[in-house]
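Below, each chain spelled out in residue letters.
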Amino acid sequence: MAAAVAVAACAGAGAAVFVVSELGDSADAKDHAVTTPAPSARIACTEQGLVAGSGSSAQKNAMERWIKEYQRACPSVKIAYNPLGSGAGVAQFMRQATAFGGSDGALKPADVERSKALCPGGKAIDLPMVGGPIAIGYNLSGVDDLVLDAETLAKIFDSEITNWSHPAIKKLNPGARLPDQPIQAIHRSDDSGTTQNLNAYLSGAAADAWPYPKEKAWQGKGGHSAAGSDGVATGVRNAEGTIGYFELSFATKLKIPTVRIDTGASQPIEASPETASAGIADAEVVGKGDDLTLKFDYATSAEGAYPIVLVTYEIVCDKGNRPETLPALKSFLTYTASEEGQKILPSIHYAPLPENVAVKVRQVIDTLS
């Protein structure tokens, strides 16, 4: 693509975007520096530009890796992503502070209608880009393997089950040394697509125990709160007797054990990229036109299918994108949806899109205007 791209100003008050093109000095960063192959010539770069995005903290680690790889191939293009949470990502996109938003839940009809004012001749659409399991992490000395089911999880997060020695937990974990100790459940304080997907799972798989709407705001009673997936994960790591929810990459990075889910399959299901992919593969595309919103079967008992999954959507205008950002936006999203962009996801504990979905995403990206 030969057209030069001007650097785009980020409009809108309070738009705090920053480039996350490096992983920092962590051990993960050193590992990636050693194992990352040379960038592929198949990444089609624009000449220059800056594309700002914000939103889902669930995709933070995937976005960091994608930006690092993309900018190695396309150093004149800068991609900025701020993992403020899905609610903030949608809000910033809606006030034109960013070229794309990241959300772990699809746009509501009212948001799509509002978006027509900022997408001249078009509207905002949801493009699934990265999948993964929502891990249930816990901190309980002496318990290396913990099994829970949807009803028990619902009651824990709704303060109906408040002690680790509760009979319902003991029944699911025969032989485990469960302490007589209070449960400290930690949930997100910010509007979050991760929360929305957990609400949807609990509602879909344990409706009697979780009679709440599938919203981005936390619905259960009691518990403690923390901002972002990293805040919840850090809270679980640092306090005995805690339990919380976050993407698997956070659990792996902080060495937090995760719950296996009893779905009714022959064996409880562990959270992994492979079991999440099996869960996502059963999803149905329910979006209209170029919108690719997915619907999950949260009550699945399929063998090897982890039921608490999410897909993060990149929210963009199908038509009416800013001319100064469109070429670089399409270039970057084309890479993230490509086979090359998707195949790195399992190595950082995310689940790639099923190929039938990925093909549709690539086709839509090509038509953005």
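Given the structure is predicted, the values throughout are model-derived calculations rather than measurements. (Residues numbered from 1 in each chain as written. Predicted model: local features only at pLDDT ≥ 70, side-chain atom pairs only at ≥ 80, totals over all residues. Heavy atoms only, no water.)

Undergrad: I tried to follow unusual backbone geometry on my own but got confused; where do I start?
TA: Excluding glycine, residues mostly have negative phi values, and the peptide bonds linking residues are mostly trans. At Gln96, a residue that is not glycine, the phi angle is positive and equals roughly 65°. Mapped onto the secondary structure, Gln96 falls in the loop between α3 (86-94) and β3 (100-103). On the basis of relative accessibility, which here comes to 35%, the residue Gln96 falls in the partly exposed class. Positive phi, normally seen in glycine, also occurs at Lys255, with a value near 55°. Tracing the backbone shows Lys255 in the loop between α9 (248-254) and β9 (260-262). (Helix = DSSP H or I, 4+ residues; strand = E, 2+ residues; numbered from the N terminus. Buried < 20%, exposed > 50% of the residue type's maximum accessible area, 1.4 Å probe, protein only.)

Undergrad: Would you mind showing me how to read the pairing of β3 here?
TA: Along a regular strand, successive side chains alternate from one face of the sheet to the other. Covered by surrounding structure in β3 are Phe100 and Gly102 together with Gly101 and Ser103, the residues of both alternating faces. As paired elements, strand β1 (residues 49-55) and β3 share three bridges and run parallel to each other. By the bridge assignment, Gly55 is partnered in β3 with Gly102. Of the strand pairs in this sheet, β3 and strand β12 (residues 309-317) are connected by three bridges, and their pairing is antiparallel. Across the sheet, residue Gly102 finds its bridge partner in β12, namely Glu314. (Pairing = 2+ DSSP bridges.)

Undergrad: Would you mind showing me how to read the packing of aromatic side chains here?
TA: Within a pair of aromatic rings, the relevant descriptors are the distance that separates the centres and the angle that separates the planes. Evaluated as defined, the whole model comprises 10 aromatic pairs. A ring pair is formed by Tyr70 and Phe332, whose centres lie 5.4 Å apart and whose planes are at 80°; its orientation type is edge-to-face. With Tyr70 in helix α2 (residues 60-73) and Phe332 in helix α11 (residues 326-337), this residue pair connects regions lying 262 residues apart in the sequence. The exposure classification of Tyr70 matches that of Phe332, with both residues buried. Both rings, one in Phe157 and one in Trp218, keep their centres 5.8 Å apart while their planes meet at 70°; by these two values the pair is edge-to-face. (Phe/Tyr/Trp six-rings, centres within 6.5 Å; stacked < 30°, edge-to-face > 60°.)

Undergrad: Even after reading the chapter, I still don't get the layout of surface pockets, so can you show me in this structure?
TA: Where empty space is left in the structure can be found by rolling a water-sized probe over the atoms. Considered as a void within the structure, the largest pocket measures approximately 410 Å³ in volume. Lining the largest pocket are 18 residues; nearest its centre among them are Gln196, Ala200, Lys214, Leu294 and Tyr298. Across the lining of the largest pocket, the residue classes tally to 10 nonpolar, four polar and four charged. Quantified by volume, the second largest pocket comes out at close to 350 Å³. Of all the secondary-structure elements, those providing two or more residues to the lining of the second largest pocket are α11, α12 (339-343) and α13 (355-367). For the lining of the second largest pocket, the leading source of residues is α11, giving six residues. (1 Å grid on protein atoms, 1.4 Å probe; cavity = no way out; pocket = protein on both sides within 12 Å on 5 of 7 lines; lining within 4 Å. Points joined across faces, edges and corners; volume = space filled by probe spheres on them. Nonpolar A, V, L, I, M, F, W, Y, C, P; charged D, E, K, R; others polar.)

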